[in-house]
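A closer look at the structure
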Amino acid sequence: MFQKASFFLKSPKNGLKISCFFFGLASLLFWSCANIVAPGGGDKDIQAPKLLSSSPKNKSINFNQKKVVFAFDEIVQLQNPENTVIISPTIEKIDYRIKKKKIEIAFDEKLLANTTYSINLNGAVSDITENNKATNFQFIFSTGISIDSIKLDGLVFDAESKEVQKEILVALYPDSIPYDSIPNRKASIFSYTDAEGHFQFFGLKKGAYSLLAFKDENKNKTFDKQQESVAPLFDLLKLTSDSSLKPLLLFKEKKSSIHVIDKKIFGDQGFVVLDKKHENITVRLLDTNAYRSKVSKQKDSVFLYFKNTFKDTLDLVLSIDQNPFDTIQLYQGKSKADTTIPLSRLPLAGKKIIPGVYPVYVPCGFPIKSFAFDSISFFEEAKLTKLSIDTTFDGLKLNNNWKEGKTYRLKIQSKTIYSFNNQYNKSSDFSFSVDLAENYGNLLIKLKNPTHQKLIVQVLTEQKEVLTSTVTELDGLLTFNSLVPGKYLLRYVLDKNNNQHWDTGDYSLHLAPETINYYNGILNVRANWDVEIELGITP
């Protein structure tokens, strides 16, 4: 067949026709074969590229070339080298070239004399088939007559959650650079933490260094003190041999200033939201005393309640520790608010109250000026019963000899509760019950705190949200009762300044964050069961 095809292709008269016939037939045969026989395949490639050689060789001295070349055992690719290839000390002008199985790193600037350079390609080099990444890649060379060989490694954790931190820049600065000027310096000797929070340096020179780990949000290799989390080593690090550091704790400093990020008025109420929380926030409206204010539980917002005086704008002064830090304008609405307000009873109506979590609280949604006790009826299992009631800023506290398994009803007539601007409640009638204690579990903690350190002991969800906490100096039994069955975490804060909350660190003041330690394990609380553990307190 192929001889005949060759003869026809030589024919001037029939060449075009026969050529078309030949190629059409060949194409038909090709696709027919493809449909009949499935393409063969081998095992999936799971091997990462292996380095076969380098020029110069690893740990070379007297380096005076313009580039280094790495040869691998297969065709490779280099992914995002500007962010994945770490060269220390930094070389600013670099050109990366890929030539099948080779990677060239060319230096377009003069290297420092008598200096050991390290190149880390971890995670940067991979094959082109399955993207298998080459790891444990460390290459050093020296422009001098000797190689600096000290190794340094460590871990970075979040100071509050104690979770490992990845992609954290860890930098070393010669002791000739003052500590306070480091935030304005671009890191030259640096590494990054991996997925396990681990970092390492190699090829370091003996000497004293400042060490700083920070989350380089803007990728400029410079610590932005106002915006970025940091884990400083407050003391000078003196390197004479290979070293492993204690874990570094990453924290976000308290901002030196607070800013308003949202504000709004709706009817006779409003709010101001701040960009951080503070324990002692106060507000003051200029030109009027016809308002009330309340700081949110999170200490980062202020709720405002106005009398029915309506101006176009209201000037508000915000203060911290009685020191004004901002004056803002609030734009008041034109329409007059309704004089009646429904009680904010949804959190309680139809609910089961956890036994032991008393008193029962009824939120009203407005500042209370007065209430008529005789206009409130209280029933236990349909029987009219006496009830003791206390008022809070914006709610009612119900005090009673609560009984497990009983259903209670609260009936509040209209105009029973008045706000400071003479608004009043609509009538409300709802029921709730007290659950059985056997449906909950208890946590019994034997605290070993012989020095009676001030502690904040906290029970958390698995997502590390604080569920309940207590302040104690106890050396003995501590209990958390009536926990909903589920899985919990436990931690404690060493409250050194006794302000009953965790304090972060301060870079400039050389203050580390207050110590947080977690109980090692998950607490599985079951209904009608006591979980008993021991918790030793360590500094």
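Basis of the calculations
- Residues numbered from 1 in each chain as written.
- Predicted model: local features only at pLDDT ≥ 70, side-chain atom pairs only at ≥ 80, totals over all residues.
- Heavy atoms only, no water.
- Pairing = 2+ DSSP bridges.
- Helix = DSSP H or I, 4+ residues; strand = E, 2+ residues; numbered from the N terminus.
- Axes fitted to C-alpha atoms, helices over the stretch in contact; angles between N-to-C directions.
- Buried < 20%, exposed > 50% of the residue type's maximum accessible area, 1.4 Å probe, protein only.
- Contact = heavy atoms within 4.5 Å.
- Lys, Arg positive; Asp, Glu negative; His and termini not counted.
- Salt bridge = Lys/Arg side-chain N within 4 Å of Asp/Glu carboxyl O.
- Polar contact = N/O pair within 3.5 Å; in protein donor to acceptor, adjacent residues only side chain to side chain.

**Concerning the sheet that holds strand 22 (residues 301-306)**
Across the sheet, which stays open at both edges, the four strands sit in the order 18-19-22-21 with antiparallel pairing between neighbours. Edge positions in the sheet fall to strand 18 (260-266) and strand 21 (291-295), since each of these pairs with one other strand and no more. Taken pair by pair, the neighbouring strands of this sheet meet at an average axis angle of 15°, ignoring direction. Bridge count for strand 19 (residues 269-274) against strand 22 is five bridges, and the pairing is antiparallel. Pairing of Gly270 across the sheet is with Leu304, part of strand 22.

**What to know about the environment of Asp73**
On the secondary structure map, Asp73 appears in the loop between strand 2 (67-72) and strand 3 (76-78). What makes Asp73 partly exposed here is its relative accessible area of 32%. Sequence-wise, Asp73 and Leu52 are 21 residues apart; in three dimensions their C-alpha atoms are separated by 6.3 Å. Apart from the residues lying within four places of it in its own chain, the contact partners of Asp73 are Pro49, Lys50, Leu52 and Lys101.

**Re the side chain of Asp127**
Considering the arrangement of structural elements, one finds Asp127 in strand 8 (residues 125-127). The buried charged residue Asp127 lacks any salt bridge partner; its closest oppositely charged side chain belongs to Lys133, at an N-O distance of 9.0 Å. In this structure the side chain of Asp127 is engaged in a polar contact, spanning 2.8 Å, whose partner is the backbone nitrogen of Asn131. In this view, Asp127 contacts Asp45, Gln47, Pro49, Glu74, Ile75, Gln77 and Asn132; residues no more than four positions away in its chain are not counted.

**Notes on the environment of Leu523**
Its location among the elements puts Leu523 in strand 43 (residues 523-525). Classification of Leu523 by relative accessible area gives buried; the value is 4%. Sequence separation between Leu523 and Ile533 is ten residues, and the spatial gap between their C-alpha atoms is 9.2 Å. Setting aside residues no more than four positions away along its own chain, Leu523 makes contact with Leu443, Gly486, Lys487, Tyr488, Leu490, Val531 and Ile533.

**Considering the sheet that holds strand 23 (residues 313-320)**
Spatially, three strands are ordered 20-23-24 in an open sheet, and the strand pairing comes out antiparallel. The open sheet terminates on both sides in strands that have one partner only, identified here as strand 20 (281-285) and strand 24 (323-331). Neighbour to neighbour, the strand axes of the sheet diverge by 25° on average, direction disregarded. For strand 20 and strand 23, the ladder comprises five bridges, and the chain directions are antiparallel. If you follow Thr282 over to strand 23, its bridge partner there is Ser319.

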